[in-house]
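As a plain string of letters, each chain reads:
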Amino acid sequence: MGSEFKRIVLLKGFQHISDYQFSMIKCLLAKDLRLTRKMQEEYDRIKIADLMEVKFRGSDCVDRLIDLIKDIEEIKDLAKTLQKEKLKVIRRSKAKEATPVKKSKLNKPSPDQSTSTTNKALGPESIKDTPVKGKKTTKTNESKGMNLKKEQSQLPGLLVTSTQSTESLPQTPQMLPPNPSSSSSTKKPRLKAVPKEAPREEGFQRGPKEVMVLKATEPFTYVREGERKMFHATVATESQFFQVKVYHVDLKEKFIPKKIIAISDYFGRNGFLEVFNASSVSDVNPDRKMEISKSLIQKANATPKISHLYSQALGTFVNGVFLVHKKLVCNECIYYEILDNTGVMEVLVYGERLTRISCEKGDRLKLICFELALSGDKRQLRSIIHSFIKVTKPRKSKEQPFNPESYMEA
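Residues numbered from 1 in each chain as written. Predicted model: local features only at pLDDT ≥ 70, side-chain atom pairs only at ≥ 80, totals over all residues. Heavy atoms only, no water.

Novice: Provide a residue-level description of the sheet that holds strand 14 (residues 378–392), including the pertinent values.
Specialist: Read around the closed barrel, 5 strands run 10-11-12-14-13, paired in mixed fashion. Sheet twist, expressed as the mean angle between neighbouring strand axes with direction ignored, is 50°. The pairing of strand 12 (residues 343–350) with strand 14 spans 3 bridges and is parallel. Each residue of the ladder has a partner; that of Val 347, found in strand 14, is Leu 381. (Pairing = 2+ DSSP bridges. Helix = DSSP H or I, 4+ residues; strand = E, 2+ residues; numbered from the N terminus. Axes fitted to C-alpha atoms, helices over the stretch in contact; angles between N-to-C directions.)

This is how it looks when you write it as structure tokens:
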């Protein structure tokens, strides 16, 4: 949604003011955006909109422009237009958030089906397994063939509308003869579909959710109304993986790889589970076992292809390791061009904590919590205050000691 607010700043704001008025706004923003005299002279409307989106998150970038414009007599009426456009975006966003709730009430999903990603993961297995059971029943019980045909003729339509339809037909499993090979195959966890991405949970979640820790970063300091600390982690159940933001660094001792913990009273936001309190994470029974498949771990650690990022929704947060192809230092910002065998994309890194980390062409750049956004008419990955970086040099002889804030545990 952040890109929508930048669109307002650029198309509804900057496009309707003169060059002199734009120069005046750059001068007034110089302290906030840390613009040098040369930058004020050279930066165009697109570049200033980029910096405003990074500095003033969400609707704040529109509010900041409104504050400036309403004090300039010639264009003060433009402030009303900007305010109306901002409210439109906020209303659309709230409407989108409300839509999934209506659908979930209509379909009445079970508690385990809290996200659309989970439904997709369960769907293919339900569709695949049920017809097979029907065929076995027909072979072993010819006297009930007519009834079975009726069930089979109804089954495809039910499966299309909901994966839960198979659960409402208990007759078919009861008619199955004992089959050791069939029963044993359903117990193998590796047959479960592996989700392509972490499920999205929104709002407060009571839990508890029992998970195994896959990896965690070291705590790092970020600035938001003063200095604060946090760390990132990746955890998984036997069927799903999750990206976690932990804002209580004392919990680092519980986020040990392969350790099973229970997370409760957390928030779901933007594809992350957010943990704020020490009491939200607890140990589980030492005898508790959890089998996480290799394919699920690989998916949790996978780097998305750059071509795939061009098809993702703006505002998606991305983790991955990418090859640095180009680097451009621009005062408080660094622009990287990352490359893989499917394409290239720009990465904008902002703020002293991240820009002071040494990274050059040919290095591999691990990005955690980078937002997919627009810069003009092209896509880019952009750092936010919670972003995290690790750099890997191409040869051991060139490796340098990293800042603890850029270190990632395996």
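Novice: Go over the packing of helix 2 (residues 19–33) against helix 4 (residues 45–55), please, and point to the residues and values.
Specialist: Contact geometry for helix 2 and helix 4: axes closest at 11 Å, N-to-C directions at 35°. Where helix 2 crosses over helix 4, the two elements pack in a sense that is left-handed. In contact with Asp 19, Phe 22, Lys 26, Leu 29, Asp 32 and Leu 33 of helix 2, helix 4 contributes Arg 45, Ile 48, Leu 51, Met 52 and Lys 55. (Left-handed = near helix turned anticlockwise from the far one by under 90°. Contact = heavy atoms within 4.5 Å.)

Novice: Account for the environment of Phe 14, naming residues and giving values.
Specialist: Relative to the elements of secondary structure, Phe 14 occurs in the loop between helix 1 (2–13) and helix 2. In this structure, the C-alpha to C-alpha distance between Phe 14 and Ile 25, residues 11 residues apart in sequence, is 9.6 Å. Beyond its immediate stretch of four places on either side in the chain, Phe 14 contacts Val 9, Phe 22, Ile 25, Arg 45, Ile 48, Ala 49, Met 52 and Leu 65.

Novice: Please provide a residue-by-residue account of the environment of Phe 388, values included.
Specialist: If you trace the backbone, Phe 388 turns up in strand 14. Along the backbone, Phe 388 and Phe 370 are 18 residues apart, and their C-alpha atoms lie at a distance of 8.1 Å.

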